[in-house]
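Overview (structure and organization)
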Amino acid sequence: MNFIKKNAIVIICILSFFTASFYNQLNLNKIPSTSLRDGKTVATSDDVSYIVPAHNYLDYGEWKDNSIGKQSYFIRPPGYGIFYFVFLKIVDYPLVLSIIKIAQLLLFACSVYWLYFIAFSLIQHKKIALIIAGTYGLTPFAIGFLFYTLTEGITPALLLLYVFLLFKAHNKTVNKHKIIFYFLASFCFAYLLIVRPAIGFLGILLPVFLLKDYWNNGIYKLLLKLVLFGLITISFTTIWQVRNYNITNEIVGLHPIYYKDGNSIYRPPFKEFWKFVGGWAQEGHVAHSYMVPMWKAAINGDTSIIYIENALKTFPKKVITFYGKDRLTNVFRKYQEAVLFQKPYYEKHKSIDIQSIESEIIVSNELKQLVREYKHEFWFDYHIKSPLKVFKIMAFHSNLSLYIFQHTYRGNILMELTRVLFYTLHTLCFIALLIALFLIKTSDWRQSALIISLIVYVFYLCYFQRGIEERYTLPILPFLLITLGYNGNQLFKKLRTKS
């Protein structure tokens, strides 16, 4: 019994490897074979752009996917591809898919310990820290992407490692050891930025920890460390951007999915359209349900009105009333015309090498005007109501994204009870984040720094991105569990003091 108590977190980490493997393997066994990549991983429309560059680099010496145009060189950041490439150098395809799953499971199991260490450092309560680690590691709450070849297979673990290293650096009393851990944390975050650039908001933590540790060492030493470790964190991203600049003679940004020579649905008009429907926070799956068929039809020469009517059916009545059905129909007609211009390039599998396409500029400008008018007429909806709607979509679900939970066992009493349990837990995590915002003054400074960085990231998703998928919030989920445990412990202490 003493052995179990002493090694509880090690046991949880080991069991986490096997339980996560069990959930995901069961999912693979139940999911339709058409949704699998060689029967080993879950296939998606995005994952090829992560793994194909590694194959092309190994075979031809070029880091690019198989799409057309310059965009093929940089449509995805290279972080996950590099991770995949390391194993591809060791074993051939498709065995590499099995190895990558084991690597992601091992990384996940290690991250359970990093989570425990951070939780215990903040809460100073071993049982609560173990409950947080056990909930994260042993349940199906956060394991949904470990058998995917997507960034979400490693991003949560990398983010936990980054924060773990910051906590270790702060705890060290010997300056040499402190510097080593800050270097490792900076290096880890530098890699994380080329895996999932949006997680860059959590970079706030590094300067906060440095300021706390070196504020009394003099302004020169403090600035030196801020500059040194800051340069390390942006080093990989800078190298990637310089490489892309050499290919295009322009700065392409961190995620150039709408790059000008791309020959897919992701052209500039689609970007502006997404901003428009984001005004009332239309969910991504709804927008794609009519935009993808409309684009596919137009790229094949079909500009039937039915596709426009299907789109307008999803619009709020007040939007139709304000703009008028004829005006909105006309905008969609112009969108179809822009796709028709793209059609010959698409059929010949050629990149669109024209600097500006008049039909795209016209429809893009009209969509921008619609957005400006929407912001003015429905300012409360745009700035307040819609971000809150996105937050609701983000927070109120179970996070049980695997096929077995959404399809295979849907309706089973035990499954439905499980879904209710994790729906409640996931919702409480996000509510705890909001509550924590009001308790910052009384919180541990490390917890306060975490809360601020998490709030900034969530605000970005709600107000600016507005297109939410479960995988976007997965990396911050372990920190929300800590926040829930931290708040609960603080509340318990207050109640015990009053009694």
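In this numbering scheme, every chain counts its residues from 1 along its sequence in written order. The model is predicted, so local features are restricted to residues of pLDDT at least 70 and side-chain atom pairs to those at 80 or more, both for listing and for counting; the totals for chains, interfaces and linings are taken over all residues. Think of the side-chain values as coming from all heavy atoms in the structure, minus any hydrogens and water.

With that settled, consider the nonpolar core. Ranked by internal contacts, the top residues of the largest apolar core, which has 123 residues, are Tyr84, Ile118, Tyr162, Tyr182 and Phe479. Here the element with the most residues in this core is helix H5 (residues 95-123); it accounts for 17 residues. Should any heavy atoms of two residues lie within 4.5 Å, those residues are considered in contact. Discounting chain neighbours no more than four positions away, the residues touching Tyr182 are Leu166, Ala169, His170, Leu206, Phe209, Leu210, Asp213, Tyr214 and Phe229. The nonpolar core is taken to be a set of buried Ala, Val, Leu, Ile, Met, Phe, Trp, Tyr and Cys residues, with the residues joined through side-chain atoms within 4.5 Å. Classification of residues uses two cut-offs on accessible area relative to the type maximum, computed with a 1.4 Å probe and protein chains only: under 20% is buried, over 50% is exposed, and between them is partly exposed. A helix here means a DSSP run of H or I that spans at least four residues, while a strand means a run of E at least two residues long, and both kinds are numbered starting from the N terminus.

Lines fitted to C-alpha atoms define the axes here, with helix axes fitted over just the stretch in contact, and angles between the N-to-C directions of these axes take values from 0 to 180 degrees. Running from N to C, helix H7 (residues 155-171) and helix H9 (residues 205-214) point in directions that differ by 5°, and their axes come no closer than 10 Å. Considering the angle they form, H7 stands roughly parallel to H9. Residues Tyr162, Val163, Leu166, Phe167, Ala169 and His170 of H7 pack against Leu205, Leu206, Phe209, Lys212 and Asp213 of H9. Residue polarity is assigned by list, with Asp, Glu, Lys and Arg as charged and Ala, Val, Leu, Ile, Met, Phe, Trp, Tyr, Cys and Pro as nonpolar; anything else, Gly included, falls into the polar class. Looking at side-chain class alone, the contact of H7 with H9 contains eight nonpolar, one polar and two charged residues. Reported orientations rely on four angle classes, namely roughly parallel under 35 degrees, roughly antiparallel over 145, roughly perpendicular from 65 to 115, and oblique for the rest.

Between side chains of opposite charge, a pair can form as their charged atoms come close. Salt bridges are identified by distance alone: a Lys or Arg side-chain nitrogen within 4 Å of an Asp or Glu carboxyl oxygen. Taken as a whole and assessed by the stated rule, the structure comprises 16 salt bridges. Notably, a salt bridge pairs Arg76 with Asp46, separated by 2.8 Å at the nearest N-O pair. Residue Arg76 is located in the loop between helix H3 (48-60) and helix H4 (79-88), and its partner Asp46 is located in the loop between strand S2 (41-42) and H3; the two are separated by 30 residues in the primary sequence. The residues Arg76 and Asp46 share a single accessibility class, namely buried. Linking Glu360 and Arg267 is a salt bridge whose minimum nitrogen-to-oxygen distance equals 2.9 Å. Of the two residues, Glu360 sits in helix H16 (residues 358-377) while Arg267 sits in the loop between helix H10 (219-248) and helix H11 (268-277), which places them 93 residues apart along the sequence. Accessibility expressed as a relative area gives 6% for Glu360, which makes it buried. In this structure Arg267 comes out as buried when scored by relative accessible area, which is 4%. Salt bridges sharing partners connect three or more residues here, namely Asp46, Arg76, Glu152, Arg196 and Arg471.

With that settled, the discussion passes to unusual backbone geometry. The amide bond that connects Tyr93 to the next residue, Pro94, takes the cis arrangement and shows omega of 5°. Of note, the phi angle at Ala281 is positive, near 55°, even though the residue is not glycine. Residue placement: Ala281 occurs in the loop between H11 and helix H12 (284-299).

Taking burial as the measure, the ten residues of H11 include seven buried ones, the bulk of the element. Buried residues in H11 make contact with H12, helix H14 (317-323), helix H15 (325-347), H16 and helix H20 (445-465).

Quick look at the state of the cysteines now. Cysteine sulfur atoms are paired as a disulfide whenever they fall within 2.5 Å. Following the criterion strictly, the structure yields zero disulfides and no others. Sulfur of Cys462: no disulfide; nearest cysteine sulfur belongs to Cys429 and is 15 Å away.

Right, let's talk about the packing of aromatic side chains for a bit. Centre-to-centre distance and the angle between the planes together describe a pair of aromatic rings. Pairing of aromatic rings covers Phe, Tyr and Trp, the last counted by its six-membered ring, and requires centre-to-centre distances within 6.5 Å; plane angles under 30 degrees mean stacked, over 60 mean edge-to-face, and any other angle means tilted. With the rule as written, the count across this model stands at 50 aromatic pairs. Ring centres of Phe83 and Phe87 lie 5.3 Å apart, and the angle between their planes is 70°; on these two criteria the pair is classed as edge-to-face. One end of the pair, Phe83, and the other, Phe87, are both in helix H4, four residues apart, so they sit about a helical turn from each other. Pair check on accessibility: Phe83 and Phe87 agree, each one buried. Look at Phe187 and Phe236: their rings are 5.4 Å apart centre to centre, the planes differ by 80°, and that puts the pair in the edge-to-face class. You can see Phe187 sitting in helix H8 (residues 175-193) and its partner Phe236 sitting in helix H10, a full 49 residues away along the chain. Given the relative accessible area of 42%, Phe187 is considered partly exposed. A residue is classified by how much of its surface remains accessible, and Phe236, at 23% relative accessible area, is partly exposed.

If you trace the backbone, Lys225 turns up in helix H10. Two residue types count as positive, namely Lys and Arg, and two as negative, namely Asp and Glu; His and chain ends fall outside the count. Of the side chains bearing the opposite charge, Asp213 lies closest to the buried Lys225, which forms no salt bridge; the N-O distance is 10 Å. With sequence-adjacent residues up to four places away left out, Lys225 is seen in contact with Ile179, Leu210, Tyr214 and Gly230.

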